[in-house]
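# What the coordinates show
One letter stands for each residue in the lines below.
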Amino acid sequence: MNLIPRLELAGGALLATLDAEQGYMPMGGYEAAHDLGRWWDAVLRLEEAIGFSVPAELERASMANLQLLTDNPDRLLMNNAAAPWLADRVMLNPHNFRETLLTYAGLVRRRRSGWAAEAGGQLVRSMERCIDAGGRLDLSRLGSWGKVPCSTDESMLGRTIDGWADTTGSIGRALEAVIAFHQATGDTLALDIAGRIAAYHLANTVMPDGTMHPRIVAPNNPGHNHSYHGTLRGLLRFGLLTGERRYVDAVERTFRKALPAHCVKKSGWAPHDLGKHRFDNEEGDPVAEPASAGDSAQLALWLARDAGYVERFDDAERLVRARLLPMQLTHADAHGDAGVQFPPRTLGAWAVHAPPHANKGNTPDILAAVTHSLCDVQRSIVATIGDLRRIDLHFDYEDDDLRIASRREQSATLTVEVKRPVRLAIRVPGWVSPASVAVAIDAAPVRHHLSCGYVQISAAPLRTGQRITLSHDLPERRSVEVMPSGKRYTFAWHGDEVTGISPQDQPMPFYPRLSE
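Summarised in this report is the structure supplied together with it. (Residues numbered from 1 in each chain as written. Predicted model: local features only at pLDDT ≥ 70, side-chain atom pairs only at ≥ 80, totals over all residues. Heavy atoms only, no water.)

### Topic: the overall build of the chain
Our working rule: In this text, helices come from DSSP runs of H or I with a minimum length of four residues, and strands from runs of E with a minimum of two, each type numbered from the N-terminal end. Any residue under 20% of the maximum accessible area for its type is buried, any over 50% is exposed, and the rest in between are partly exposed; the area is computed with a 1.4 Å probe on protein chains only. Only heavy atoms enter the contact rule, under which two residues are in contact if any of them lie within 4.5 Å. Accessible areas in this description were obtained via Shrake-Rupley with a 1.4 Å probe; residue shielding takes into account the shown protein chains only.
Looking only at helices and strands, the chain has 14 helices and 20 strands in total. Its C-alpha atoms give the chain principal-axis dimensions of about 75 × 50 × 50 Å. The burial tally for the chain puts 59% of its 516 residues in the buried class. Across the chain, the fraction of contacts at a sequence separation of at least 24, relative to all contacts at a separation of at least 6, is 67%. Of the accessible surface of the chain, which amounts to about 19,500 Å², a share of 51% is contributed by carbon and sulfur atoms.

### Quick look at helix α10 (residues 245-256)
Since the α-helix packs 3.6 residues into each turn, any two residues three or four apart lie on the same face. To keep things clear, this is the line we draw: Between the first and last residue of a helix there are one fewer steps than residues, each counted as 1.5 Å, and that sum is the expected span.
Helix length check: α10 (12 residues) gives 17 Å between terminal C-alpha atoms against 16 Å at 1.5 Å per residue, within 8%. Those residues of α10 lying buried are Y247, V248, A250, V251, E252, T254 and F255. On its buried face, α10 is in contact with α8 (188-204), α9 (225-242), α11 (258-263), α12 (290-305) and α13 (312-327).

### Some remarks on the pattern of salt bridges
Test applied: Think of a salt bridge as a Lys or Arg side-chain nitrogen and an Asp or Glu carboxyl oxygen that are within 4 Å of each other.
Applying the stated rule across the entire model yields 46 salt bridges. Here R89 ties to D88 by a salt bridge, and the two come within 3.3 Å at their closest N and O atoms. D88 gets classed as exposed once you look at its relative accessible area, which sits at 66%. Between K419 and E398 there is a salt bridge whose closest N-O contact spans 2.9 Å. Of the two residues, K419 sits in the loop between β11 (411-418) and β12 (423-427) while E398 sits in strand β9 (residues 397-398), which places them 21 residues apart along the sequence. Accessibility expressed as a relative area gives 30% for K419, which makes it partly exposed. The exposure class of E398 is partly exposed, given its relative accessible area of 44%. Residues joined in a network through salt bridges with shared partners are R38, R98, E99, R173, E176, R233 and D295.

### What about the side chain of K360?
What counts here: Residues adjacent in sequence count toward polar contacts only when both atoms are side-chain atoms; beyond that, a polar contact is any pair of N or O atoms within 3.5 Å, and within protein one must be able to donate a hydrogen and the other to accept it.
Turning to its location among the elements, K360 is positioned in the loop between α13 and α14 (364-378). Within the structure, the side chain of K360 is placed 2.9 Å from the backbone oxygen of P326, a separation counted as a polar contact. Apart from residues no more than four positions distant in its own chain, K360 is found in contact with P326, M327, Q328, L329, D333, M508, P509 and F510.

### A look at helix α3 (residues 56-69)
Definition in use: Taking the helix axis as origin, the arc is that swept by the directions to the C-beta atoms.
Here α3 is 14 residues long and its end C-alpha atoms lie 20 Å apart, about the 20 Å a rise of 1.5 Å per residue gives. L58, E59, A61, S62, N65, L66 and L69 are the residues of α3 that are buried. Buried positions in α3, seen along its axis, are confined to an arc of 165° and lie on one side of it. Looking at the buried side of α3, the elements it contacts are α1 (3-17), β1 (18-19), β2 (25-26), α2 (32-50), α4 (96-111) and α5 (114-130).

### Side note on the packing of aromatic side chains
Formally: Here is the rule: rings of Phe, Tyr and Trp (six-membered ring for Trp) pair when centre to centre is within 6.5 Å. Planes less than 30 degrees apart are stacked, more than 60 are edge-to-face, and the remainder are tilted. For a lysine, the NZ atom is tested; for an arginine, the CZ atom; a charge sits over a ring if that atom is within 6 Å of the ring centre and within 35 degrees of the ring normal.
Taken as a whole and judged by the stated rule, the model has five aromatic pairs. Seen from their ring centres, W39 and W40 are 5.4 Å apart, and the 85° between their planes marks the pair as edge-to-face. Across the pair, W40 and W39 agree in class, each one buried. Linked through ring pairs, F491, F510 and Y511 together constitute an aromatic cluster. For R237, the ring lying beneath its charged end belongs to W302, and the centroid distance is 4.6 Å.

### Considering the sheet that holds strand β10 (residues 402-408)
To keep things clear, this is the line we draw: Criterion used throughout: strands pair if DSSP finds at least two bridges between them.
The strand order across the open sheet formed by six strands is β9-β10-β11-β17-β13-β14, and the pairing between neighbours is antiparallel. The strands lining the two open edges of the sheet, one partner per strand, are β9 and β14 (444-446). Pairing analysis gives four bridges linking strand β13 (residues 438-441) to strand β17 (residues 467-473), with the strands arranged antiparallel. Each bridged residue has a counterpart across the sheet, and for A438 the counterpart in β17 is S471.

### A word on the environment of K147
Mapped onto the elements of the fold, K147 is located in the loop between α5 and α6 (154-157). Given the relative accessible area of 60%, K147 is considered exposed. For the pair formed by K147 and F342, sequence separation is 195 residues and the distance between their alpha carbons is 42 Å. A distance of 2.9 Å separates a polar atom in the side chain of K147 from the backbone oxygen of G143.

### Looking at the nonpolar core
Where we set the bar: Only buried residues count toward a nonpolar core, which is a set of Ala, Val, Leu, Ile, Met, Phe, Trp, Tyr and Cys residues joined through side-chain atoms within 4.5 Å.
Core analysis: the biggest nonpolar cluster contains 146 residues, and F97, L101, Y228, I426 and I457 have the highest contact counts within it. Element by element, the count of residues in this core is highest for α2, at 10 residues. When residues no more than four places from it in sequence are discounted, the contact partners of L101 are G120, L123, V124, M127, A177, V178 and F181.

### Quick notes on the pairing of strand β18 (residues 476-482)
Two faces, one strand: in a regular strand the side chains alternate between the faces of the sheet. Two elements, β18 and strand β19 (residues 488-494), share seven bridges in a ladder whose sense is antiparallel. Its bridge partner being in β19, S479 is matched across the sheet by F491. What sits between the antiparallel neighbours β18 and β19 is a turn of five residues, in which G486 has the positive phi angle 100°.

### As for the packing of α12 against α14
Worth spelling out the cut-off: Every axis in this analysis is a line fitted to C-alpha atoms, fitted for helices over the stretch in contact. Angles between the N-to-C directions lie between 0 and 180 degrees. In this scheme, roughly parallel covers angles under 35 degrees and roughly antiparallel covers those over 145, while 65 to 115 is roughly perpendicular and the rest are oblique. Note on convention: near helix rotated counterclockwise from far helix by under a right angle means a left-handed crossing. Clockwise means right-handed. Put simply, Ala, Val, Leu, Ile, Met, Phe, Trp, Tyr, Cys and Pro go in the nonpolar bin, Asp, Glu, Lys and Arg in the charged bin, and everything else, Gly too, in the polar bin.
Taken N-terminus to C-terminus, the directions of α12 and α14 make an angle of 20°; their axes are 9 Å apart at the nearest point. Taken as axis vectors, α12 and α14 run roughly parallel relative to one another. Between α12 and α14 the crossing geometry is left-handed. Of α14, the residues touching α12 (which contributes P290, A291, G294, D295, Q298, L301, W302 and R305) are I366, A369, V370, H372, S373, D376 and V377. Taken together, the residues of the contact of α12 with α14 sort by class into eight nonpolar, four polar and three charged.

### Description of the pairing of β11
Sheet topology note: the β10/β11 ladder contains seven bridges and is antiparallel. For A405, the partnering residue across the bridge sits in β11 and is T415. Linking two consecutive strands that pair antiparallel, namely β10 and β11, is a turn of two residues. Sheet analysis places β11 next to β17, joined by seven bridges and oriented antiparallel. The partner of T415 across the bridge, within β17, is T469.

### Side note on the sheet that holds strand β7 (residues 382-385)
Sheet architecture is open: five strands sit in the order β7-β8-β12-β16-β15, paired in mixed fashion. Unpaired on one side and paired on the other, β7 and β15 (450-451) mark the two borders of the sheet. Judged from the four bridges that link them, β7 and strand β8 (residues 388-391) form a sheet pairing that is antiparallel. Within β8, the residue paired with T384 across the bridge is R389.

Here it is, written out as structure tokens:
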């Protein structure tokens, strides 16, 4: 199970999303300005995670497009009429605070861009004007207000109900990006704004007991799952940055209770809408989008890796294996038919899909969002803690110390080849039967002790050339998920992977048909 070829495929789809006939803008999605910010964030993260390279011509064109679409008083990404193909789609879009600041932060981090630092600072100052000390948003204080039409999408504007406003679709989702810009530049105003946003959403978006805030999912609230997840991501990053544990623990409780109840099912199905249904399929279920499943995997990863909730590694790996990878369009979807040629922009991509468990393609911002999440997973397979290398996720991996291969057949085997002396610990998934776990060094079985979810392989450093194997069972089970419409799906599981489903959706199903 190697994520790198999947990320390379995603990178190819990102490059192919740029339309040469329309100035190399990312066309065919939600909004060019929004999708351009997503594109920059994703390709810079691919560069960090796997050394992916953007051709110089495309990077130059994309930088010119970024400068054009942020040429406004706030330096906020928005379509610009100077590009003729965007002239009828110009609007002030508060959804894009997040995408713009993530792009600026990435360019400062990866390109040491003074331009991005200056532009981001200007956007931060605009946000400071329109977010009051209590974290409430007033878009009329933006410099671009009145100069271009404002988006009428109510999920982004934060409808106010009895003094309460859902701003997850604007500044809530932007919190993570504000923090990233602060970390990239040291901008102290950005940290102050992050504090305003975080305090508001801790008080108004999450519940103390971790259940879903009833107004988020009220039938009259046009909630957006990906933005709600984005707000949780920001709250968690804020708590980790500042050391304020109440933010971290609030997100963990919400992850355990609200998310499985309303946002992401065990299989990884995630609705686009929360509360008011705006985009339903033919059966009355909300269309689904992979970005929220990716968000949930990344939240689980951060809770485990950064906050000490190590059991959440199981959730992160399950969502990758059971959902994110099966949803990606790959060569395997040709089913051996050499005549099937997928367009370059779809091969390696993810898409919004109406059937709950089928239909692959390319929705540009979804492609970029899932790539963002998988890059973080790839970079988190192995942790370094002093002189200890700790294997947290069971995916293929290689660096100067280790070469790891993960194989799943009737049982699971993780093989580690030692390239230079290290101490080693390996996480054992929580769903594994402890009696099935076996450890060998150079094919010789060794006794092991499982503590806090990990097997410590040796107290002393392992020697160069040694080969360690950890094997365990893959329990089989079945589960049933009920959709909002009442439709029922039965899943067959082998460990943390889905091996069959009934009924099977079409076209391009994510899972094999389950034979009863």
